[in-house]
Amino acid sequence: MSNLFSASAASTEALLTPVNTQAFNAWVGDMQLRIEQVLDQHMPSADIVPQRLHAAMRYATLGGGKRVRALLAYATGLFCQADITKTDCAAVAVELIHAFSLVHDDLPCMDNDDLRRGKPSTHKQYDDATALLVGDALQSLAFQLIAKDTHLQEAQKINMLHLLAVATGSRGMAGGQAIDLENTGLSVSQAELEVMHLHKTGALIHAATLMGAYSSDQEQLEKRRAADHFSKAIGLAFQVIDDILDSEADTATLGKTAGKDAQAKKSTYVTLLGLNKAKALAYELHANALTALAPFGQEADPLRHLAHFITQRRF
Ligand code: GRG
């Protein structure tokens, strides 16, 4: 059982399987198209100096990925009745930071992977130095876009900038990666694994969700609290599923090298708990995420569906 989240009450298959999946799938398609277009608009053109860096930034960011973090921002925006033009900025910023993390994560000095989203990693397509700069520039662009957004109020921008900065820094993703590197080759406890993933993967998922909430002009404290709880549970579920997929799926399906964790001698939920218990944990975390949304009606459906999307994904 997860150390952070206690077991939820009834977690039946029916509870975890949302209805009206067709409408949700259409919404996902629309939002994936939207985020692609908004990212494209906000990324510097590859014709602008320095052309090679800009081309590499676009290569790393556009045309791939499930866009889970943007979807979380949009779903929480809907939940909190935000105008979607205000949520765009949050969705773009989290996807830029995510792309940055993938580029750096693939570098030889980090996880050293040649394949990402079914194509050569950025440092393989370009070179290590360019990949380093791509990450740096994507990070700056994320903060720049929030700071200069014309739809958001100043207080909304400050809240988003703060959430994103914390999620990206030493108390978030960068810190989680540092812990991951320190742990490599060691056998860690489930509690230690959880702390690492809450930082490395969970922090950005949490920020994406709350930034969606902050894109609403309404205060909605109860909804923000629910989004906070939901995102912590589903962020960890995301990572448990990632570990399961790394051990079960093939490279072609994943679009990145399968079996990387075992190869790198990393502790994962699968090595620690075994496949069946890891699946049970993902199930439990999924149910726990849904309990956060229990007091709410249809306005929470996109988040409920996303929880299912995250735990049922195949890549
Ligand atoms: C980026 C702050 C910062 C520092 C660099 C490299 C690094 C330190 C952190 C690594 C963070 C990282 C890559 C975590 C893994 C998260 C993860 C499971 C990524 C896969 O996410 P998906 O499945 O990917 O959403 P797609 O391709 O669908 O977008």
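Whatever comes next refers back to the structure up there.
What you are looking at is a predicted structure, and each value in this text was computed from that prediction instead of being measured.

Quick notes on the rules
Residues numbered from 1 in each chain as written. Predicted model: local features only at pLDDT ≥ 70, side-chain atom pairs only at ≥ 80, totals over all residues. Heavy atoms only, no water. Axes fitted to C-alpha atoms, helices over the stretch in contact; angles between N-to-C directions. Helix = DSSP H or I, 4+ residues; strand = E, 2+ residues; numbered from the N terminus. Parallel < 35°, antiparallel > 145°, perpendicular 65-115°, else oblique. Contact = heavy atoms within 4.5 Å. Nonpolar A, V, L, I, M, F, W, Y, C, P; charged D, E, K, R; others polar. Core = buried A, V, L, I, M, F, W, Y, C linked by side-chain atoms within 4.5 Å. Buried < 20%, exposed > 50% of the residue type's maximum accessible area, 1.4 Å probe, protein only. Near = heavy atom within 4 Å. Polar contact = N/O pair within 3.5 Å; in protein donor to acceptor, adjacent residues only side chain to side chain. Areas by Shrake-Rupley, 256 points an atom, 1.4 Å probe, with all protein chains shown as cover.

Draft legend 1. Inspection of the packing of helix 2 (residues 21-42) against helix 16 (residues 301-312) at higher detail. Running from N to C, helix 2 and helix 16 cross one another at 85 degrees; their axes reach a closest spacing of 11 Å. The orientation of helix 2 relative to helix 16 falls into the category roughly perpendicular. Contacts from Thr21, Phe24, Trp27, Val28 and Gln32 of helix 2 reach helix 16 at Pro302, His305, Leu306 and Phe309. Taken together, the residues of the contact of helix 2 with helix 16 break down into six nonpolar, three polar and no charged.

Draft legend 2. Up close: the nonpolar core. With 94 residues, the main nonpolar core has Leu96, Leu164, Met211 and Phe230 as its most contacted residues. The leading source of residues in this core is helix 11 (residues 221-248), at 12 residues. The contacts of Leu164, once residues within four sequence positions are left out, are Ala93, Val94, Ile97, Ala142, Phe143, Ile146, Leu204 and Met211.

Draft legend 3. Looking closely at the site of the ligand. Taken together, the neighbourhood of the ligand is formed by 20 residues, with Lys66, Arg69, His98, Arg117 and Thr168 sitting nearest. Residue Arg69 places a side-chain N or O atom 2.7 Å away from an oxygen atom belonging to the ligand. Within the side chain of Arg117, an N or O atom sits 2.8 Å from an oxygen atom of the ligand. Burial of the ligand by the protein amounts to 93% of the accessible area it has alone, namely 740 Å². The set of elements that each furnish at least two residues to the shell around the ligand consists of helix 5 (84-106), helix 9 (173-183), helix 10 (190-214) and helix 11. Broken down by element, the residue count for the shell around the ligand peaks at six residues, all from helix 5. Considering only residue class, the shell around the ligand consists of five nonpolar, eight polar and seven charged.

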